[in-house]
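Inside the fold
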Amino acid sequence: MRLFRKFLLVFGVFLFLTALLGAVATFAAYSYITRDLPKLISFSDYRPPVATRVYAADGSLMGEFAKEHRHFVRFDQIPPVVVQAFLAAEDADFYKHKGVDLMSIARAILTNLKAGEVKQGGSTITQQVVKSLLLSPERTVQRKVREWWLSYQIEKRLTKDEILTLYLNQIFLGHGAYGIAAAWEVYFGKPLADANIAEATVIAGLPKAPSHYNPFQDYGAAKLRQRYVLDQMVRNAMIDSEQAEAIYKQPIPLIAQDGGPTVAPEFLEHVRRDLVERYGNDTLLEQGYSVFTALDPALQVAARNSVRGGLETLDKQIGYRGPIERLEWERVPALLDRLKSQPIEIGTRIKGIVKKVDDNTGKVLVDLGATEGVISIEKMSWARPPDPEVDYRNRSLRKPSGALGVGDLIWVKPIGEIEPGKPVSLSLEQSPTVQGALLAIDPESREVKAMIGGYDPASSQFNRAIQARRQPGSSFKPVIYATALENGYTPATIVVDAPLDESGEYRSFAEGPWRPQNYDGEFKGPMTVRAAIKDSRNIPAIKILRSVGLKKMHAMAKRLGFESPIADNLTAALGSSDVTLLEVVNAYATFDAGGVWAKPVFIKSIDDRDGKTIEQNEPQGRQAMSPSVAYLTTYLLTQVIQDGTGRAALKLGRPAAGKTGTTNDYTDAWFVGYTPSLVCGVWTGLDDHRSLGKGETGGNAALPMWAAFMQAALSSEPARPFKVPGGVTVARVDDSTGLLAGPDSVGRILDMPFVAGTEPSERPPLEELGETAPDFFRLD
């Protein structure tokens, strides 16, 4: 009995020590496995890098900035067919297991042993979330055990729907897409909400090997993987075999990979630079801001078309620079083979090789690769050599051989009907070297509605609308005249267009006496301020600036928002200072807005990734000049269009004000103008400051682009007059003398507005004139 008790005691001690050692070993193993484990996440902790998206004023997506192309979606925003496809492909028992599926692991081992290679994985969706978010990618037993442990723990902390949401937002799906929302945009060009089962079975096949099964890179492999996903859906009773077969027969509806620019790449880049400067690059790329801009896509398209068409026309007026290349005949066959793949569409510029030149018929036969085309002499008459000293606008090429020869590689554009077996009618083209810019602003909100920075933003990212500083020429004169109107001048004040006295300040230039001229080289004697600005006379502008003083002019320019240095001498009257198009357009917007200056608005508001508004931009206006002075300036600029250098703008058929600008040697051409609802400025020139060519003034080179844009932009708006502020009266004036019109008047009789008290004689206030109030913009 005593021996038995001893045995029990020893056995008990043994069991205790074994249990203790087991506990110690278990604790040691647990400690080893779980040491340095990452903190378990909660669903609210999930803050992956998300793309910042930029939207136009109509809500359309303009572009995005991101390190990872990802857009977070909630579980309730994911279509059921997408969930089913991913579960079938990756983890059919997801809603049954507790994080690790031992049966799935066993099946994978057996499948791989039979195949002699790794054909199937055993990781659950939960394990994939753990691997992606919590663990490093190395393959070790310790890491695998840790993965299992964390998978069990996450299943206790998060719901199944939350785990699946993490997975579907986090996973890389090839072609730069992270998460399912980005994948639908990248592959199908559509929102996830519109997903269908055919698309879902393609995307659900990507996680195994995103590059290999990328349908853009290997369409056949993507279809085979889609077949696997469809089979898994049939096996799990999500669809039947007939449905699977019908889906498989459908082609994958991939979007075209044109890689083309957004509707407004220069606007988008300006927004990016601004955001980086104020928020930092990492924040921009990772925090998922929603940036709402002022850009109007329809106006941007109109602006692009106006500028591109205008620059192509202007470039032709400058002259033909010759073919792209004069080919050696042995190179022609290989190049023609390459040309066969180019699309031949009406209005699209393509390449061709000159096959025959016939001066007798005036036609050129061009080989386009897939077909042939013909250029008639009428469609290449512009192609004479450029010469900046000659005005070629009324001269034409007389015979085709004067410009082209056999073997020339040239740009052409199909212009007629394209019929199989028949030569295509073509026009001769060239890639413009002349550049241009356009900026359009709403004068009340100061929202920038359209911005063009050059002919082709893909070939040059330099934004000439806001980055280029060029001489504005006479388009700066309204600053001079606004200063004068604020200091005692009126539209009827007489100024003398006569040669300058070469004494005093006119001799203060280092190169000797300054002898500025008018554009036509003539002097017209006494004239009203109205006449001086409408005909853009230089000498009166200089004399007015001398009269009011440089200091007052500089103060006015500053109030109008000019930050570029303005010349501190009388050449400023002729626009000798380098300024930006944005500065000039916003100054004109101040005239249009009753003298109120405000900063241009590119970004209207910004929301963070949670939808909270973190920035709201409303124009903070300040009165730069009185409403009456602003209105009188506008009146003067309506006369430029009504009866002066801007007459080509009359085609708008509505009240408009504006000013041309041309610099010495025709290096810069401007037109800036406005209606009551829209301000627009156009600049054109060459980046290297060469001449545009003789006669290429602001009225000839820039105004046509301005008019084309404004016609398109305002086509749906009714015409309305400029609003007349209080404190303005009207007098009937003899424009030749600036005096009150009477029986003895010999000049043109005009109704002119005046700041109350400055009119030639007493007249009733404008508001008392009723229906007899004059319309300062006439179409007669």
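Residues numbered from 1 in each chain as written. Predicted model: local features only at pLDDT ≥ 70, side-chain atom pairs only at ≥ 80, totals over all residues. Heavy atoms only, no water.

What to know about the packing of aromatic side chains
For the structure on display, the rule yields 16 aromatic pairs. Taken together through their ring pairs, the aromatic side chains of W184, Y187, F188 and F216 make up a single cluster. Above the face of the Y248 ring, K223 is positioned so that its terminal group lies 4.7 Å from the ring centre. Here the basic side chain of R225 rests over the ring of Y213, its NZ or CZ set 5.4 Å away from the ring centre. (Phe/Tyr/Trp six-rings, centres within 6.5 Å; stacked < 30°, edge-to-face > 60°. Lys NZ or Arg CZ within 6 Å of the ring centre and 35° of its normal.)

Focus on the packing of helix α19 (residues 581–592) against helix α20 (residues 627–643)
Look at α19 against α20: their axes get within 8 Å of each other, and the N-to-C directions meet at 110°. The pairing of α19 with α20 is recorded here as roughly perpendicular in orientation. On α20, the residues touching Y588, T590, F591 and D592 of α19 are A630, T633, T634 and L637. Here the contact of α19 with α20 is built from residues that sort into four nonpolar, three polar and one charged. (Axes fitted to C-alpha atoms, helices over the stretch in contact; angles between N-to-C directions. Helix = DSSP H or I, 4+ residues; strand = E, 2+ residues; numbered from the N terminus. Parallel < 35°, antiparallel > 145°, perpendicular 65-115°, else oblique. Contact = heavy atoms within 4.5 Å. Nonpolar A, V, L, I, M, F, W, Y, C, P; charged D, E, K, R; others polar.)

What to know about empty space enclosed by the protein
Summed over the entire model, instances satisfying the criterion amount to one cavity of 30 Å³ or more. Forming the walls of the largest cavity are R654, P655, T675, P676, S677, E717, P718, A719 and R720. For the lining of the largest cavity, a count of residues per class yields four nonpolar, two polar and three charged. (1 Å grid on protein atoms, 1.4 Å probe; cavity = no way out; pocket = protein on both sides within 12 Å on 5 of 7 lines; lining within 4 Å. Points joined across faces, edges and corners; volume = space filled by probe spheres on them.)

Considering the sheet that holds strand β23 (residues 728–734)
Read across the sheet, three strands follow the order β24-β23-β25 without closing on themselves; strand pairing throughout is antiparallel. Every interior strand has two partners, whereas the edge strands, β24 (739–740) and β25 (749–755), have only one. Relative to β25, β23 is paired through seven bridges, and the arrangement is antiparallel. Looking at β25, one finds that R732 is bridged to D751. Sitting on the sheet, α20 touches β23 and β25, and the angle it makes with β25 is about 155°. (Pairing = 2+ DSSP bridges.)

Section: the confidence of the model for the chain
Mean pLDDT over the chain works out to 86, with 83% of the residues at or above the 70 mark. Low pLDDT (under 50) marks residues 22–38, which in the prediction has 15 contacts with non-local residues, meaning those over four places away or in another chain. Here residues 762–780 is a poorly scored stretch, pLDDT under 50, and it has 43 contacts once near neighbours within four places are set aside; other chains count. (pLDDT = per-residue confidence, 0-100.)

Re the pairing of strand β8 (residues 363–367)
Sheet topology note: the strand β7 (residues 350–358)/β8 ladder contains five bridges and is antiparallel. Bridging across to β8, V357 finds its partner in V364. The hairpin formed by β7 and β8 contains four residues between the paired strands, and G362 there has a positive phi angle of roughly 70°. For β8 and strand β9 (residues 372–376), the ladder comprises five bridges, and the chain directions are antiparallel. Residue D367 lies in a different strand from β9, and its bridge partner there is E372. Remark: four residues form the turn of the hairpin made by β8 and β9, two consecutive strands paired antiparallel; G369 in that turn has positive phi of roughly 100°.

Observations regarding the pattern of salt bridges
Within this structure, the stated rule accounts for 35 salt bridges. The shortest N-O distance in the salt bridge between R70 and E68 comes to 2.6 Å. Its relative accessible area of 0% is what places R70 among the buried residues. Overall, the relative accessible area of 21% leaves E68 in the partly exposed class. Across the salt bridge formed by R331 and E325, the nearest N and O atoms sit 2.4 Å from each other. (Salt bridge = Lys/Arg side-chain N within 4 Å of Asp/Glu carboxyl O. Buried < 20%, exposed > 50% of the residue type's maximum accessible area, 1.4 Å probe, protein only.)

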